[in-house]
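# What the coordinates show
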Amino acid sequence: MIFEDFFNQWNNKPCEMEDPTNPDQCMDLAFAWCDANNIDRAAIRHLNANQIWIQPNDLTVKYFEMIPNTPNGVPQKGDMVIFNT
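Quick summary incoming for the structure in this document. Values in this document were obtained by computation on a predicted structure and should not be read as measured data.

Calculation criteria
- Residues numbered from 1 in each chain as written.
- Predicted model: local features only at pLDDT ≥ 70, side-chain atom pairs only at ≥ 80, totals over all residues.
- Heavy atoms only, no water.
- Salt bridge = Lys/Arg side-chain N within 4 Å of Asp/Glu carboxyl O.
- Helix = DSSP H or I, 4+ residues; strand = E, 2+ residues; numbered from the N terminus.
- Buried < 20%, exposed > 50% of the residue type's maximum accessible area, 1.4 Å probe, protein only.
- Core = buried A, V, L, I, M, F, W, Y, C linked by side-chain atoms within 4.5 Å.
- Contact = heavy atoms within 4.5 Å.

For the coordinates displayed, the defined rule picks out four salt bridges. Close ionic contact of Glu4 with Lys77 constitutes a salt bridge, the shortest N to O distance being 2.7 Å. Of this pair, Glu4 sits in helix H1 (residues 2-10) while Lys77 sits in the segment after helix H4 (58-63); the two residues are 73 residues apart in sequence, bridging distant segments of the chain. Notably, a salt bridge pairs Glu18 with Arg41, separated by 2.8 Å at the nearest N-O pair. One end of the pair, Glu18, is in the loop between H1 and helix H2 (26-36); the other, Arg41, is in the loop between H2 and helix H3 (51-54), and 23 residues separate them in sequence. Residue Arg41 is classed as buried on the basis of its relative accessible area of 18%. Among the ionic contacts, a cluster of salt bridges with common partners joins Glu18, Asp35, Arg41 and Arg45.

Following this line, the structure appears as structure tokens:
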């Protein structure tokens, strides 16, 4: 039940994981999710979140299944959703 534990830990709370000069960004929560799942943060580390999708690296494809947004590509509990620009 890692998702429920993660949700309970961070729901309605600030999350700072990476850069305290730019606090509590969406990527901080994504990094926390990686940490909770023992995934190297380098799998998603980019300047902009949409680059995770448009410029995946070897670690991205190692740890994540890249599912395009289609009528059948519905996110499941625990999925990380990346939006385009």
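Core analysis: the biggest nonpolar cluster contains nine residues, these being Met27, Ala30, Phe31, Cys34, Ile39, Ala43, Ile44, Ile52 and Phe64. Considering each element in turn, this core owes the most residues, four residues, to H2. Non-local contacts of Phe64, meaning those with residues more than four positions away in its chain, are made with Cys34, Ile39, Ala43, Ile44 and Met80. Counting five residues, the second largest nonpolar core, distinct from the first, contains Phe6, Cys15, Ala32 and Trp33.

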